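Listed below, chain by chain, are the residues.
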Amino acid sequence: MSDDETRRLLLAARPALAACALLCAACTSIGRHDADYRETLDFGARADVPFCVLAEEGIEEAYAYELLDAWNAKEGPLFELYVRPVSFGRLPRAGFTYTSILEGVEQVPPGPGCEKVIYFVGRHLGDALWQTVTLVASVFVPLPVPEVYGAVNGERTHGFVVAEIAGPDDLIHELVSGRKGVTVHELYHFFGCGHSWWSMHDCYQAILGFKQAR
Ligand SMILES: [Zn+2]
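None of the values given here were measured: they were computed from a predicted structure. (Residues numbered from 1 in each chain as written. Predicted model: local features only at pLDDT ≥ 70, side-chain atom pairs only at ≥ 80, totals over all residues. Heavy atoms only, no water.)

Visitor: I would appreciate a short explanation of the state of the cysteines in the present structure.
Guide: One covalent bond between the sulfur atoms of two cysteine residues makes up a disulfide. Per the counting criterion, the structure on display carries two disulfides. A sulfur-sulfur distance of 1.9 Å marks the disulfide that ties cysteine 52 to cysteine 114. Since a negative S-S torsion denotes a left-handed disulfide, the cysteine 52-cysteine 114 link at about 95° is right-handed. Pair noted here: cysteine 52 is in strand β1 (residues 47–55) and cysteine 114 is in the loop between α5 (98–106) and β3 (116–121), with a separation of 62 residues, a long-range link. Each member of the pair cysteine 52 and cysteine 114 is classed as buried. Across the disulfide from cysteine 193 sits cysteine 203; the S-S distance is 2.0 Å. (Disulfide = S-S within 2.5 Å. Helix = DSSP H or I, 4+ residues; strand = E, 2+ residues; numbered from the N terminus. Buried < 20%, exposed > 50% of the residue type's maximum accessible area, 1.4 Å probe, protein only.)

Structure (structure tokens):
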């Protein structure tokens, strides 16, 4: 195959690579809902989980609450499990990578009345440049570049969500999941769920366990 043919093939594969980059990102699907199975489970009385909310400068308090409300509007009634923001504060982003951002927020102990800490971070010029460079590079090297839009620590006490859009990958992702989708995804992690390509049965059981343990 000539270089030109290879180039054309890789360009043609670009949408598939972009889709794979999304699917292969560290945080993918929690799973597919199964209403029939879920309705056999008794999630008990309503629980409101108090969150300390932090945000990088530039992310408005009202917007952070709007993102959290995405859970309360759709997922909350499914499990009688709601997010209750109890405080709002500012925190500068600790670094460029998702691990450094997560380590930064983990340094903040839950304040009075909080059970968990969620941090909304913005996008920086470096993020947009990184996305642009990897987008161009992926035309030449057909490797999906994972992009992390949020993460929760192993103890499920601290996590973050990227709440702004900067680069080309963000725009594609916004069409697929969006900021509210990422927030809901990370809240599932906060409440005990892992990733699954298909079933949410394990996730439902995890939420049951989370509620019973409180
Ligand atoms: Zn995830």
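Visitor: Explain helix α8 (residues 178–190) here, please?
Guide: Note: α-helices contain 3.6 residues per turn, so residues at a spacing of three or four share the same orientation. Its 13 residues give α8 an end-to-end C-alpha distance of 19 Å, which sits within 8% of 18 Å, the value for a rise of 1.5 Å per residue. Within α8, eleven of the 13 residues are buried, which leaves it mostly tucked inside the rest of the structure. Taken together, the buried positions of α8 are occupied by Gly178, Arg179, Val182, Thr183, Val184, His185, Glu186, Leu187, Tyr188, His189 and Phe190. (Expected span 1.5 Å × (residues − 1).)

Visitor: Honestly, the environment of valine 184 in this entry has me stumped. Any pointers?
Guide: Within the element layout of this structure, valine 184 appears in helix α8. Look at valine 184 and you get buried, because its relative accessible area is 12%. Along the chain, valine 184 and asparagine 72 lie 112 residues apart, while their C-alpha atoms are 9.2 Å from each other. With residues near it in sequence (within four places) discarded, valine 184 still touches Ala70, Trp71 and Glu75. (Contact = heavy atoms within 4.5 Å.)

Visitor: Quick question: what am I supposed to make of the pairing of β1 here?
Guide: Looking down a regular strand, the side chains alternate between one sheet face and the other. The element β1 is extensively covered by neighbouring structure, given that eight of its nine residues are classed as buried. The pairing of β1 with strand β2 (residues 81–90) spans nine bridges and is parallel. Within the sheet, the bridge partner assigned to cysteine 52 lies in β2 and is serine 87. (Pairing = 2+ DSSP bridges.)

Treat this as a map of the structure, not an account of what it does.
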